[in-house]
Amino acid sequence: MNIYYKKYIPYLFLLPAFVILTVFFFIPFFQTILLSFQDFSNDIYNPVFAGIKNYSALFHSKEFYGAMFNTFMFLVMVVPFLAVFPLIVAIFINRKIRGIGIYKVIIYLPVVVSIVVVAIAFKWMYAQEGILNYFIELFGFNPIGWLTDTKFALFSVALVTIYKGIGYYMMIYLSALIGVPKDLYEAAQTDGAGEIQKHLTVTVPHLMPVIALVVTISSVSALKVFAEIYVMTKGGPLNSTKTMVYYIYERAFENLDLSFASAASVVLLLVILVFSVINITCFENERYKP
Amino acid sequence: MIRKFIDGFLSHLFLIFMSVVSLFPFLWLISTALKGDSENIFQYPPVFIPKEFTFKNFIGVWHQIPFLLYFFNSFIVAAFTVILNLIFSSLAAYPLARMNFKGKNFIFALVLSTIMIPFQAIMLPIYLIVLKLHLVDSYGLTLGYLGLILPFAVNAFGIFLMRQAFLIIPKEMEEAAFIDGCSIFNIWRKILLPMSAPTLAVLAIFTFIGSWGEFLWPSIVLTNKALYTLPVGVNDLQGMFSANWRYIAAGSIISIIPIIIFFITMQKYFVSGQSDGAVKG
């Protein structure tokens, strides 16, 4: 077909998005990198070039290592569970029994409710004399300081993230399950495979790309965790729940330490970049093909 | 036959258990909010059905917290974020799906690259830019709203989602319209947009949920309580009523009513699988 538009037309269509992305994405991106090489300590309006000083300070900071470690531990607690458990739920939902519509809606509900409210609800259940400790004592254990004990606090926060994520990843699995050919199950059944075996030999291999996708998506969102921590622990007790984004937030907006926060941001950026690149090149390349 | 029955029974048992887990935190908040002053909310064993059933806490917190204002603020921010996302994403998606132009691949790569950069890593300079542009509440309410809306006015997920919707529309439609003398802008507005209505709806709904629940950015930029959105206002309950869990619980429950109604009425979009891979808030 003949080109039916003038040469400048495509750019005109792209312009609004381009302006927004430039002002709120590309400029901040380069500025983050720039700030991380500058020193603001003498005069906040006249930074001087600092070379890698901020980075070397960062990598000598115990607090930063603590934040990296906590973020990594958080990821390890959250991701395996979110990769496996929602699949199990999705398999149950996919069995076409009565009432799945209602089950789906109820299990998905926590996804749409604000994380702030979910975190408050859990904080209330985590109270020292709260309902969870009642059940713990019922089974003969000592009450746990869910959010006050450094051994448990990060785990307690991770539970909230898991709780809020199950419905979301369940839906991803559910739409993938529809694509698994039915005759494979029948074949497995005639081979004498039981219910569990059927899923291990058919469903799991078939959904491997989707499982991998869920692993990368949930990893990226675990690396970005913030609201749960802000609402429930503010990084405490004794920094035991201070993760990267919370650390950056604190440095940038409470201590006004621009250079340090920016250097930490660049580190976070690089870590997340690895996961995103894997995600885009391996699992979602269909959507992003030019 | 019996096997099948047991199978179904076990499935229901598991899904009922999951539903209980899913609802329990909210039910416990409701139970706490409905308890009267003489009732010990820390009582062991816990009491689910309040003995001294009362709406007092809901009324009390309603009078102290301007929930309607927070609803309004959240709604304005979410609604405009949705509108701008729909317009900007579908505008940008058109040339990326349909036209050939110089630098197309470069622009494509540029948009794609924004997916890999997390907001959290660049939020500090974004804040500095927003300050410089005076898009904060200390310069006026409208500017404050703009500061909440504009950084999220478009994103790569939306552009790619719309682009995919445009790709499957037959080219002949456009050609016919062009021969009939339709301008390029009208082809976009009168053919592509209506034909991709289902995708627009998905984008709208998920952008709305994301914006409605956004917490990090408003808690950074907002200083004026008159502009508080719901998540920020609800988080504030903790500071205001430090140990009064009846009020905190009642306030939290009030705050989720609008989104629950929205979710129930739009449930088919959420749980039908159309949203697969759609924007996550």
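Residue numbering note: each chain is counted from 1, following its sequence as written. Lettering of chains starts at A and numbering of ligands starts at 1, both following the order in which they are written. Note on the predicted model: pLDDT of at least 70 is required for a residue's local features to be given, and 80 or more for side-chain atom pairs to be given and counted; whole-chain, interface and lining totals, by contrast, use all residues.

## Quick word on the overall build of chain B
Stated precisely, the cut-off is as follows: The numbering of helices and of strands both runs from the N terminus, where a helix is a DSSP run of H or I of at least 4 residues and a strand a run of E of at least 2. Any residue surrounded by 20 or more other C-beta atoms within 10 Å of its C-beta is treated as buried, while 12 or fewer makes it exposed and the intermediate range makes it partly exposed; C-beta atoms here are placed from the backbone. It is the C-beta atoms, placed from the backbone, that decide contacts: two residues are in contact if theirs lie within 7 Å.
The helix and strand inventory of chain B stands at 14 helices and zero strands. Along its sequence from the N terminus, chain B presents helices and strands in the succession α-α-α-α-α-α-α-α-α-α-α-α-α-α. Overall, chain B is about 75 × 70 × 35 Å in size when its C-alpha atoms are taken along their principal axes. A burial count over chain B gives 44% of its 281 residues as buried. A sequence separation of at least 24 residues applies to 73% of the contacts in chain B between residues at least 6 apart.

## Observations concerning the overall build of chain A
Broken down by element type, chain A carries 12 helices and two strands. Listed N to C, the secondary structure of chain A is α-β-β-α-α-α-α-α-α-α-α-α-α-α in terms of helices and strands. Dimensions of chain A along its principal axes, counting C-alpha atoms only, are 75 × 75 × 30 Å. Here chain A holds 290 residues, and the buried ones make up 46% of them. Pairs at least 24 apart in sequence give 68% of the contacts found in chain A among residues at least 6 apart.

## Re the confidence of the model for chain B
All names here are of chain B. What counts, and what does not: pLDDT is a per-residue confidence score from the predictor, ranging from 0 to 100.
Per-residue confidence for chain B averages 91 on the pLDDT scale, and 96% of its residues sit at or above 70. Mean pLDDT in chain B bottoms out at helix α14 (residues 267–271), which sits at 83, and peaks at helix α3 (residues 67–98), which reaches 97. Counting contacts from residues 275–281, a segment whose pLDDT is below 50, to residues more than four positions away or on other chains yields 20 contacts. If you check the scores for this complex, the pTM reads 0.92 and the ipTM reads 0.92.

## Side note on the interface of chain A and chain B
Stated formally: Any residue that is not Ala, Val, Leu, Ile, Met, Phe, Trp, Tyr, Cys, Pro, Asp, Glu, Lys or Arg is counted as polar, Gly included; the first ten are nonpolar and the last four charged.
Counting residues at the interface gives 74 residues for chain A and 75 residues for chain B. Tallying contributions element by element places helix α1 (residues 9–36) of chain A first for the side of chain A that touches chain B, with 17 residues. Class assignment of the residues belonging to the side of chain A that touches chain B gives a composition of 62 nonpolar, seven polar and five charged.

## Looking at the nonpolar core
This is how it is decided: Throughout this description, the term nonpolar core refers to a group of buried Ala, Val, Leu, Ile, Met, Phe, Trp, Tyr and Cys residues whose C-beta atoms join them within 7 Å.
In this structure, Ala119, Ala121, Tyr173 and Ala264 of chain A together with Ile159 of chain B are the most contacted members of the largest nonpolar core, which totals 174 residues. Residues in contact with alanine 119 of chain A, not counting those within four places in the same chain, are Val160, Ala227, Glu228, Val231 and Met232 of chain A.

## Brief notes about the environment of proline 47 of chain A
All names here are of chain A. Here proline 47 is to be found in the loop between β1 (38–39) and β2 (48–49). Given 17 C-beta atoms within 10 Å, proline 47 falls into the partly exposed group. Spatially, the C-alpha atom of proline 47 lies 41 Å from that of aspartate 149, the residues being 102 residues apart in sequence. Among all residues touching proline 47, those that are not within four sequence positions of it are Gln38, Asp39 and Phe40.

## Things to note about unusual backbone geometry
With an omega dihedral of -10°, the bond running from glycine 236 of chain A to proline 237 of chain A counts as a cis peptide bond. Considering the arrangement of structural elements, one finds proline 237 of chain A in the loop between α10 (227–232) and α11 (244–254). With an omega of -10°, the peptide bond between tyrosine 44 of chain B and proline 45 of chain B qualifies as cis. Locating proline 45 of chain B in the fold gives a position in the loop between α1 (2–33) and α2 (56–64). Although it is not a glycine, leucine 256 of chain A sits at a positive phi angle of roughly 50°. For leucine 256 of chain A, the location among the structural elements is in the loop between α11 and α12 (258–283). The exposure class of leucine 256 of chain A is exposed, given the 11 C-beta atoms found within 10 Å.

## Quick look at the packing of helix α5 (residues 115–125) of chain A against helix α13 (residues 245–265) of chain B
Rules: Angles shown run from 0 to 180 degrees and are taken between the N-to-C directions of axes, each axis being a line fitted to C-alpha atoms and, for helices, limited to the stretch in contact. The cut-offs work like this: below 35 degrees is roughly parallel, past 145 is roughly antiparallel, 65 to 115 is roughly perpendicular, and the gaps in between are oblique. By convention, the crossing between two helices is left-handed when the near helix turns anticlockwise from the far helix through less than a right angle, and right-handed when the turn is clockwise.
At a closest axis distance of 10 Å, the pairing of α5 of chain A and α13 of chain B adopts a crossing angle of 150°. As judged from the angle between their axes, α5 of chain A and α13 of chain B are roughly antiparallel. Note that α5 of chain A runs across α13 of chain B; the crossing there is left-handed. Where α5 of chain A abuts α13 of chain B, its residues Val117, Ile120, Ala121 and Trp124 of chain A lie against Trp245, Ile248, Ala249, Ser252, Ser255 and Ile256 of chain B. Partitioned by chemical class, the residues of the contact of α5 of chain A with α13 of chain B number eight nonpolar, two polar and no charged.

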